[in-house]
Amino acid sequence: MPLICICGPSAAGKTLFAGLLASALQNADIKAIVIGCDDYYREHWTPDPFFGFDTVEAIDSESLINDLRALRSGELKRLRRYDMGTRAVHWTRLEAEADVVLLEGAFGPQLLLNSCPPDLLIYLEESLAVRALRRLRRDIRERQRTVLSVLKQMFKQMIPGERRFIQPLREEADVVVRHGARDLSEALEPIISLCSSRRAQ
């Protein structure tokens, strides 16, 4: 089963893009399962003193890699979920079969390049101003954060973390998407081609 990684900085639109991509693939008779790297944060992990949660060290790399390998071989029976509020992990039953895996996240793809390399690496770009507004809306609404705590994390941890861990992925990317949904076809066409060639084998 092909593995497609959708990476990029915080609030670049990775989750939305992955959902749109999955829908477009469905229209092409290709079933995609979307896995979020955010669900692989370490349970009850103590944030890094410099990067906080904006570091690959926050990701349970062993669980991520093992689950991806099991999923690609058709052996995974449950999906890992992470609660941002309680920092606890739980699982949900996996019932649907898929033709391709879409793994989206800022932290996680870095861990796969050597041990479980993706078939296609897609990097999303977006301006810092747009991302800051999105992160404020998301973290206040979904993660019960205050405006001050979000802004403090962005400037003290998020931006340094992106420079250290995320921006280097751009050089590794097969596809760089600059306009989100408007550039969906740039990612869609190589995935359809990849899945078609796998089916032919």
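Residues numbered from 1 in each chain as written. Predicted model: local features only at pLDDT ≥ 70, side-chain atom pairs only at ≥ 80, totals over all residues. Heavy atoms only, no water.

**Q** I tried to follow the layout of surface pockets on my own but got confused; where do I start?
**A** In this structure, the second largest pocket occupies an estimated 180 Å³ of space. Around the second largest pocket, the lining residues are Met1, Ile33, Leu71, Gly74, Glu75, Leu76, Lys77, Leu94, Glu95, Ala96, Glu97 and Ala98. Across the lining of the second largest pocket, the residue classes tally to seven nonpolar, one polar and four charged. (1 Å grid on protein atoms, 1.4 Å probe; cavity = no way out; pocket = protein on both sides within 12 Å on 5 of 7 lines; lining within 4 Å. Points joined across faces, edges and corners; volume = space filled by probe spheres on them. Nonpolar A, V, L, I, M, F, W, Y, C, P; charged D, E, K, R; others polar.)

**Q** Teacher, can you tell me more about the packing of helix α1 (residues 14–27) against helix α7 (residues 184–200) here?
**A** Packed helices, taken two at a time, are described by their axes: the angle between them and the distance between them. Viewed as axis vectors pointing N to C, α1 and α7 meet at an angle of 50°, and their least axial separation amounts to 10 Å. As far as their axial angle goes, α7 and α1 are oblique. In the crossing of α1 with α7, the sense of the turn from one axis to the other is right-handed. Contacts from Phe17, Leu20, Leu21, Ala24 and Leu25 in α1 reach Leu184, Ala187, Leu188, Ile191 and Ile192 in α7. Class assignment of the residues belonging to the contact of α1 with α7 gives a composition of ten nonpolar, no polar and no charged. (Axes fitted to C-alpha atoms, helices over the stretch in contact; angles between N-to-C directions. Helix = DSSP H or I, 4+ residues; strand = E, 2+ residues; numbered from the N terminus. Parallel < 35°, antiparallel > 145°, perpendicular 65-115°, else oblique. Left-handed = near helix turned anticlockwise from the far one by under 90°. Contact = heavy atoms within 4.5 Å.)

**Q** Before we go on, may I ask you to explain the pattern of salt bridges in this structure?
**A** Between side chains of opposite charge, a pair can form as their charged atoms come close. Taken as a whole and assessed by the stated rule, the structure comprises 13 salt bridges. Where aspartate 139 meets arginine 135, a salt bridge forms, and the shortest distance between an N and an O atom there is 3.4 Å. Placement of both aspartate 139 and arginine 135 in helix α4 (residues 128–142) is noted, with a separation of four residues, approximately one turn of the helix. For arginine 135, a relative accessible area of 4% corresponds to the buried category. Among the charged side chains, a salt-bridge network with shared partners connects Asp54, Arg135, Arg138, Asp139 and Arg145. (Salt bridge = Lys/Arg side-chain N within 4 Å of Asp/Glu carboxyl O. Buried < 20%, exposed > 50% of the residue type's maximum accessible area, 1.4 Å probe, protein only.)

**Q** I keep staring at helix α5 (residues 147–166) and nothing clicks. Help me out?
**A** Since one α-helical turn is 3.6 residues long, residues separated by three or four positions face the same way. For α5, which comprises 20 residues, the first-to-last C-alpha distance of 24 Å sits more than 12% below the rise-based estimate of 28 Å (1.5 Å per residue). Of all the bends found along α5, the most pronounced is centred on methionine 154 and spans about 45°. Elements in contact with the buried residues of α5: α3 (109–115), β6 (120–124), α4 and α6 (169–172). (Expected span 1.5 Å × (residues − 1). Bend = angle between axes of the 7 residues up to and from the residue.)

**Q** Please explain the packing of aromatic side chains as it appears in this structure.
**A** Here the distance between the centres and the angle between the planes together describe a pair of aromatic rings. As enumerated under the stated definition, the model contains six aromatic pairs in all. Between tyrosine 41 and phenylalanine 53, the aromatic rings sit 5.6 Å apart at their centres with planes inclined by 85°, giving edge-to-face as the arrangement. Taken together, the residues tyrosine 41 in the loop between β2 (32–36) and α2 (61–72) and phenylalanine 53 in the loop between β2 and α2 connect sequence positions twelve residues apart. Comparing tyrosine 41 with phenylalanine 53 shows no difference in burial state: the two are buried. When the ring of phenylalanine 50 is compared with that of phenylalanine 51, the centres are 4.7 Å apart and the planes differ by 80°; the resulting orientation is edge-to-face. Since its relative accessible area comes to 14%, phenylalanine 51 is described here as buried. A connected cluster of aromatic rings, assembled from ring pairs, spans Tyr41, Trp45, Phe53 and Tyr82. One residue, arginine 78, lies across the ring of tryptophan 91, its end atom 4.2 Å from the ring centre. (Phe/Tyr/Trp six-rings, centres within 6.5 Å; stacked < 30°, edge-to-face > 60°. Lys NZ or Arg CZ within 6 Å of the ring centre and 35° of its normal.)

**Q** Would you mind going over the pairing of strand β5 (residues 100–104) with me for this structure?
**A** Strand residues, when the strand is regular, have side chains that alternate between the two faces of the sheet. Across the five residues of β5, five count as buried, placing the element largely inside the fold. Here β5 shows no split at all, with Val100, Leu102 and Glu104 on one side and Val101 and Leu103 on the other all buried. Alignment of strand β1 (residues 3–7) against β5, held across four bridges, turns out to be parallel. What sits directly across from isoleucine 4, in β5, is leucine 102. Examined bridge by bridge, β2 and β5 share five bridges and lie parallel to one another. Bridge pairing in β5 places alanine 32 opposite valine 100. (Pairing = 2+ DSSP bridges.)

**Q** Just to check I follow, could you spell out the environment of leucine 20 for this structure?
**A** For leucine 20, the location among the structural elements is in helix α1. C-alpha separation for the pair leucine 20 and phenylalanine 53, spaced 33 residues apart in sequence, amounts to 27 Å.

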